[in-house]
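A closer look at the structure
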Amino acid sequence: MSALIEVSVESRSELGRRKSNEDRVGVCREGSRWVAILADGAGGHWGGAEASRRAVESIESSLCGSDPDFSPQSLTQAVLAAHDDIQGAHDNAHGIARM
């Protein structure tokens, strides 16, 4: 006998002593597999919000598409691709964004 389990996902992040919250959370479900992604926005650094947004969106696009491979190698590639995306945005902003 199998039973269905209903899962709901919530996130919470606190400002602490910062003026803004730059953290970003992403969750996707592909069949019975769930992927949760958390990017810490480095609290107050210029471009932290943009960097955390780019990280989550890049990893989601790699791991949450139609029937993606999910292995240690694909996870590593997703993180490296997110890093490259953030670094490219930083380079295109000539270091101004300081992501």
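Everything below is about the structure shown above.
Notes on the structure in this doc start here. These numbers were taken from a predicted model, which means no experiment stands behind them.

1. Notes on the nonpolar core
Counting residues in hydrophobic clusters, the biggest one holds 13 residues, and the most contacted among them are V35, I37, I59, L63 and C64. Of all elements in the fold, only β2 (33-39), α1 (48-63) and α2 (72-92) reach the threshold of two or more residues within this core. No other element matches the five residues that α1 contributes to this core. Not counting chain neighbours up to four residues away, the residues in contact with V35 comprise G26, V27, C28, L63, C64 and F70.

2. Focus: the pattern of salt bridges
This model, assessed by the stated rule, comprises five salt bridges. Here E50 makes a salt bridge to R53, at a shortest N to O gap of 2.6 Å. Here R53 and E50 lie together in helix α1, a separation of three residues that amounts to about one turn. On the basis of relative accessible area, E50 is assigned to the partly exposed category, the value being 27%. The salt bridge partner of D85 is R54, with a shortest N-O separation of 3.0 Å. Here the residue D85 occupies a position in helix α2, and R54 occupies one in helix α1, the gap between them amounting to 31 residues. Look at D85 and you get partly exposed, because its relative accessible area is 29%.

3. As for α2
Compared with an ideal rise of 1.5 Å per residue, which puts 21 residues at 30 Å, α2 spans 30 Å between its outermost C-alpha atoms and is within 8% of the ideal. Here the buried face of α2 lies against α1.

4. Focus on the packing of α1 against α2
Look at α1 against α2: their axes get within 8 Å of each other, and the N-to-C directions meet at 140°. Handedness of the α1/α2 crossing: right-handed. Judged by residue contacts, A51, R54, A55, S58, I59, S62 and L63 of α1 engage S74, L75, A78, V79, A81, A82, D85, I86 and A89 from α2.

5. Observations concerning the side chain of S52
Structurally, the position occupied by S52 is in helix α1. Judged by its relative accessible area of 3%, S52 falls in the buried class. If we skip the residues at most four places from it in the chain, S52 touches E22, D23, R24, A39, D40 and G41.

Scoring rules and cut-offs
Residues numbered from 1 in each chain as written. Predicted model: local features only at pLDDT ≥ 70, side-chain atom pairs only at ≥ 80, totals over all residues. Heavy atoms only, no water. Core = buried A, V, L, I, M, F, W, Y, C linked by side-chain atoms within 4.5 Å. Buried < 20%, exposed > 50% of the residue type's maximum accessible area, 1.4 Å probe, protein only. Helix = DSSP H or I, 4+ residues; strand = E, 2+ residues; numbered from the N terminus. Contact = heavy atoms within 4.5 Å. Salt bridge = Lys/Arg side-chain N within 4 Å of Asp/Glu carboxyl O. Expected span 1.5 Å × (residues − 1). Axes fitted to C-alpha atoms, helices over the stretch in contact; angles between N-to-C directions. Left-handed = near helix turned anticlockwise from the far one by under 90°.

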